Amino acid sequence: MDKKELTRNILELKRQRNAVICAHNYQIDEVQEIADVVGDSFALSKYCASSPRDVIVFCGVHFMAESAKMLSLQKTVLLPEIHAGCPMADMVDAKGLREMKRNHPRAAVVCYINTSAEVKAECDICCTSSNAVKVIQSLAEEEIIFVPDKNLGDYIQKKVPEKKMIIWDGFCVTHHRVTSKEVQKAKEAHPDAVILVHPECRPEVVELADFVGSTKQIIDFATASPGKKFIIGTEMGVLYRLKKDNPEKTFYLLSQGLICPNMKKTRLESVYHALEKMQYAIEIEEAILIKARTTLERMLNVQ
Ligand code: 13P
Ligand code: SF4
């Protein structure tokens, strides 16, 4: 099937299944093009919770589809590529977290949305990169266990110095690879460009940025900015929307290494097969689901 035929068949199957297609900002251009909604982790989880459709095709990585399922229990949530995982989410497990909790019994336990349902079930509240500071500020406890991203944890600690953050030693392999040397080089090459980075980058990279935010916040900032040139410090998938919405502006990727291989696994063919065969449906064990869902819902209630 060529791209035109694939697209036509996907749209027809989507209608027959009463499905909605959600895509993360890091998905390949063609997948973003056919999606009903494209966004960051927070926007997509909120959208899924309110969608009236029977089926959600989640083009992203496993923890995102799992979160969508937790917020849409009566719906079928499909992850088109079953092996699209998040290496950072895999860096923390429930057993290790339970041990950390035993060592810090007074601490509130906060997980980044980039975690498995099993880990979420061990936590008090969840956060995403777009609301992490707000979530931590909303907590009464002074001590906070934060899993799994040490870079996001460091960023929050600097924004909320009154809290004592106990931070897991995880990181995103894609964002952690970017060095401050690369930022200096990009600055020298484009001295009049604004530097926008994701908080999953190393602290020394975040320090050199003009703006730090989630993928959606980066896109919104660049779109609203009067600036003309931008250095983008997050996964290259965001360039699709940035360029489309801002044809008069120029975007430079901070590092050529900013590619998440797992986000690139989903192709138009994967979406077609997902709808055709209703694969791969996300299932979560009942006991874990109930606890993990509470952790997610608490986040959605933070104003
Ligand atoms: P966002 O919440 O900013 O979309 O980020 C998710 C993610 O996995 C970043 O690497
Ligand atoms: Fe996970 Fe990093 Fe890929 Fe985001 S970019 S899904 S944190 S590996």
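Above this text you will find the structure in question.
An account of the sheet that holds strand β12 (residues 250-253) is needed here, citing residue identities and associated values.
Through backbone hydrogen bonds, the strands of a sheet pair up, either in parallel or in antiparallel fashion. The parallel open sheet is built from 4 strands, whose spatial order is β10-β9-β11-β12. Two strands lie at the open edges of the sheet, namely β10 (211-212) and β12, each paired on one side alone. Bridge count for strand β11 (residues 229-233) against β12 is 4 bridges, and the pairing is parallel. If you follow Phe230 over to β12, its bridge partner there is Phe251. Lying over the sheet, helix α12 (residues 238-245) contacts β11 and β12, oriented at roughly 165 degrees with respect to β12.

Describe empty space enclosed by the protein, and please don't skip the residues or the numbers.
Summed over the entire model, instances satisfying the criterion amount to 1 cavity of 30 Å³ or more. The volume enclosed by the largest cavity comes to roughly 40 Å³. For the largest cavity, the full set of lining residues is Ser41, Leu44, Ser45, Phe58, Phe63, Met64, Ser67, Ala68 and Ile113. Of all the secondary-structure elements, those providing two or more residues to the lining of the largest cavity are α3 (41-50) and α4 (62-70). Sorting elements by how many residues they give to the lining of the largest cavity places α4 first, with 4 residues. A breakdown of the residues in the lining of the largest cavity according to their chemical character gives 6 nonpolar, 3 polar and no charged.

So, helix α13 (residues 268-277): which residues are in play, and what are the values?
Restricting attention to buried positions, one finds in α13 the residues Leu268, Ser270, Val271, Tyr272, Ala274 and Leu275. Contacts from the buried residues of α13 go to α1 (3-17), β1 (19-24), α2 (29-34), β3 (55-59) and β4 (76-78). One or two steps after α13, the chain reaches Met278, where phi turns positive at roughly 55 degrees.

Please provide a residue-by-residue account of the site of ligand 1, values included.
What surrounds ligand 1 is the set His24, Tyr26, Asp40, Ser41, Asn114, Ser129, His175, His198, Glu200, Ser214 and Thr215. Tyr26 is positioned with one of its side-chain polar atoms (N or O) 3.3 Å from an oxygen atom of ligand 1. His198 is positioned such that a nitrogen or oxygen atom in its side chain is 2.9 Å from an oxygen atom of ligand 1. In isolation ligand 1 offers 300 Å² of accessible surface; the protein chains occlude 96% of this area. Taken atom by atom, the bulk of ligand 1 overlaps the largest pocket.

Can you lay out the packing of aromatic side chains for me, pointing to particular residues and giving the numbers?
One pass over the structure, following the stated rule, counts 2 aromatic pairs. Each ring, one from Phe211 and one from Phe221, has its centre 4.2 Å from the other, and the planes form 20 degrees; the classification is stacked. One end of the pair, Phe211, is in strand β10; the other, Phe221, is in helix α11 (residues 215-224), and 10 residues separate them in sequence. The class of Phe211 is buried, set by a relative accessible area of 19%. Residue class for Phe221 comes out partly exposed when judged on its relative accessible area of 32%. Relative to Phe251, the ring of Phe230 lies with its centre 5.4 Å away and its plane at 20 degrees, an arrangement referred to as stacked.

Thresholds, definitions, all that
- Residues numbered from 1 in each chain as written.
- Chains lettered and ligands numbered in written order.
- Predicted model: local features only at pLDDT ≥ 70, side-chain atom pairs only at ≥ 80, totals over all residues.
- Heavy atoms only, no water.
- Pairing = 2+ DSSP bridges.
- Helix = DSSP H or I, 4+ residues; strand = E, 2+ residues; numbered from the N terminus.
- Contact = heavy atoms within 4.5 Å.
- Axes fitted to C-alpha atoms, helices over the stretch in contact; angles between N-to-C directions.
- 1 Å grid on protein atoms, 1.4 Å probe; cavity = no way out; pocket = protein on both sides within 12 Å on 5 of 7 lines; lining within 4 Å.
- Points joined across faces, edges and corners; volume = space filled by probe spheres on them.
- Nonpolar A, V, L, I, M, F, W, Y, C, P; charged D, E, K, R; others polar.
- Buried < 20%, exposed > 50% of the residue type's maximum accessible area, 1.4 Å probe, protein only.
- Near = heavy atom within 4 Å.
- Polar contact = N/O pair within 3.5 Å; in protein donor to acceptor, adjacent residues only side chain to side chain.
- Areas by Shrake-Rupley, 256 points an atom, 1.4 Å probe, with all protein chains shown as cover.
- Sits in = over half its atoms within 2 Å of the grid points.
- Phe/Tyr/Trp six-rings, centres within 6.5 Å; stacked < 30°, edge-to-face > 60°.

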